[in-house]
Amino acid sequence: MRYRFLLLLVLLQSACGRTPDEPIEPPQVLTDSVPFIYPLDLWDHRVNGQVLLLLRVNPLGQVDSVAIDVPSGYAEFDSAAVQGARNLRFIAARQGERRIPMWTKVPVRFSRDTTSKLGIGGS
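What counts and how
- Residue indices follow the written sequence of each chain, beginning from 1 at its first position.
- Thresholds applied to this predicted model are a pLDDT of at least 70 for local features of residues and 80 or more for the giving and counting of side-chain atom pairs; totals over whole chains, interfaces and linings are not thresholded and use all residues.
- Think of the side-chain values as coming from all heavy atoms in the structure, minus any hydrogens and water.
- Strands are treated as partners if at least two bridges between them are detected by DSSP.
- The helix count covers DSSP runs of H or I at least four residues long, the strand count covers runs of E at least two residues long, and both are numbered beginning at the N terminus.
- In plain words, nonpolar cores are sets of buried Ala, Val, Leu, Ile, Met, Phe, Trp, Tyr and Cys residues tied together by side-chain atoms within 4.5 Å.
- Buried means the residue's accessible area, taken with a 1.4 Å probe over protein chains only, is under 20% of the maximum for its type, while exposed means over 50%, and partly exposed covers the values in between.
- By definition, residues are in contact when any of their heavy atoms lie within 4.5 Å.

This next bit is on the sheet that holds strand S6 (residues 93–95). Taken in spatial order, the three strands of this open sheet run S1-S6-S7, and their pairing is antiparallel. Two strands in the sheet have a free side with no partner beyond their single neighbour: strand S1 (24–25) and strand S7 (98–100). Note: S6 against S7, three bridges, orientation antiparallel. Residue pairing in the sheet places Arg94 in a bridge with Arg99 of S7.

Spelled out as structure tokens, the structure:
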């Protein structure tokens, strides 16, 4: 009986084209654009904040699920972060040669200091 179980396990691993020992490379965000829009009311009141998001990246590198892991304390920042995250694109996670879906954490920082250093938004 044990022999059959081990044989079945080996066959399943072969059919999937991977072994459990293959390292997993996490998804990497493509930074050709920043899809996050600073909420104007918070901008005008000089409010800064950070949201930690949990994103599920599919094998094509697209975000298919978004959850807030740590909220900012401002619903406007949280909403803007979730909306922007849906437009992020990634290099998909890999295990061996196979692209796999994976959850990853992404911090989103809303700061006037950051945007003014980039030449966006004035002083």
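The structure having been displayed, the exposition proceeds.
We now examine the nonpolar core. Counting 20 residues, the largest nonpolar core has Leu53, Leu55, Val66, Phe77, Phe90 and Phe110 as the members making the most contacts within it. In terms of residues, this core owes the most to one element, helix H3 (residues 75–85), which gives five residues. Sequence-distant contacts of Val66, that is, excluding residues within four places in its chain, are made with Leu53, Leu54, Leu55, Val82, Ala85 and Arg86.

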